[in-house]
Structures are given as structure tokens and as C-alpha cells.
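Here is how the chains run, residue by residue.
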Amino acid sequence: HHADYDTFKKSIDFVLSRGFSKNKLIVGFPAYGIEFIDGKNKQVNKDYSHQQILAKLESENIDIKKGKIGNLYFETPDLVRKKSQYLINQQLAGIMMFELTQDTYHYPQLLKLVY
């Protein structure tokens, strides 16, 4: 949905193919999740902060590695690391997180996972 790895890479490749300079390209990571109505990427039901996602994962006893709870999709620690490494390998200018205040202050804090 909003944050899968293939779409991430294709988006960067698309921008670079249009002549944008690698040394000026800053790529964003969402520190939130999006719940889609009926699991379709057409209507958003609700946004969840990373803090809310962690609480929901714990209350429902779901592993964060799944990257989803029902129709709620979000960044996983492994995906953040993988995307960060891709940006480093591509020698892009940097990373920004939106919305940083939605990250958590305990593990797995997304900001600390970025290389």
C-alpha cells in the first residue's frame, strides 16, 4: 500500500529518470500507518501514529514484521533499514521522516533505525 519496497524503489527511479539530481533528492519515510476501507488503496479510514500502531500490535499480540494489522499498513523496522540502505547505495542526499512526532520513544523507534 502506501509504503511497500517495490513502489518506493520505482518512485525513486521514476524521479531520477526525469533528470533530478541524486545529490539533491531527499526521500521521506512515514512514521505513521494508514488504514484503508476494505483494504483497498482508494479510501482512507484512519491514520495511526507509530506509537498507536505499537500499542495496537501489543494488545492484539501481532508481530510488527507483518507490516499490517487488518487493513492498517505501516513501516516495519526491517523495511526502514532496507529502504535506508537503498538510499545509501543510490547515494541520494538524505532522508526525512513525516510526521516525526508520530514516532515512538522506545524500541522500535523508526528514526534510530535509519543508518
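As shown above, the structure is provided for reference.
Residues numbered from 1 in each chain as written. Predicted model: local features only at pLDDT ≥ 70, side-chain atom pairs only at ≥ 80, totals over all residues. Heavy atoms only, no water.

Draft legend 1. Geometry of the overall build of the protein chain. Looking only at helices and strands, the protein chain has four helices and six strands in total. Going from the N terminus to the C terminus, the protein chain shows its helices and strands as α-β-β-β-α-β-β-α-β-α. Restricting the contact set of the protein chain to residue pairs at least 6 apart, pairs at least 24 apart contribute 63%. Carbon and sulfur atoms form 49% of the exposed surface of the protein chain, whose accessible area is close to 7,100 Å². (Helix = DSSP H or I, 4+ residues; strand = E, 2+ residues; numbered from the N terminus. Contact = heavy atoms within 4.5 Å. Areas by Shrake-Rupley, 256 points an atom, 1.4 Å probe, with all protein chains shown as cover.)

Draft legend 2. Just the packing of aromatic side chains, in detail. In the structure shown here, the tally under the stated rule is five aromatic pairs. Where Y5 meets Y86, the ring centres are 6.1 Å apart and the plane angle is 85 degrees; that geometry is what we call edge-to-face. Here Y5, found in helix α1 (residues 5-17), pairs with Y86, found in helix α3 (residues 77-89); they are 81 residues apart in sequence, far enough to count as distant. Summarising the burial analysis for this pair, Y5 and Y86 share the class buried. Centroid distance F36 to Y73: 6.1 Å. Interplanar angle 55 degrees. Geometry classified as tilted. (Phe/Tyr/Trp six-rings, centres within 6.5 Å; stacked < 30°, edge-to-face > 60°. Buried < 20%, exposed > 50% of the residue type's maximum accessible area, 1.4 Å probe, protein only.)

Draft legend 3. Focus on unusual backbone geometry. Its identity is not glycine, yet N61 carries a phi of approximately 55 degrees, on the positive side. Judged by its relative accessible area of 72%, N61 falls in the exposed class. Residue Q91 is not a glycine yet carries a positive backbone phi of 60 degrees. Mapped onto the elements of the fold, Q91 is located in the loop between α3 and β6 (94-98).

Draft legend 4. The arrangement of the pattern of salt bridges in detail. Tallying each qualifying case throughout the model produces three salt bridges. The salt bridge partner of K83 is E75, with a shortest N-O separation of 2.8 Å. Notably, a salt bridge pairs D78 with R81, separated by 3.2 Å at the nearest N-O pair. Here D78 and its partner R81 are both found in helix α3, three residues apart, which amounts to about one turn of the helix. (Salt bridge = Lys/Arg side-chain N within 4 Å of Asp/Glu carboxyl O.)

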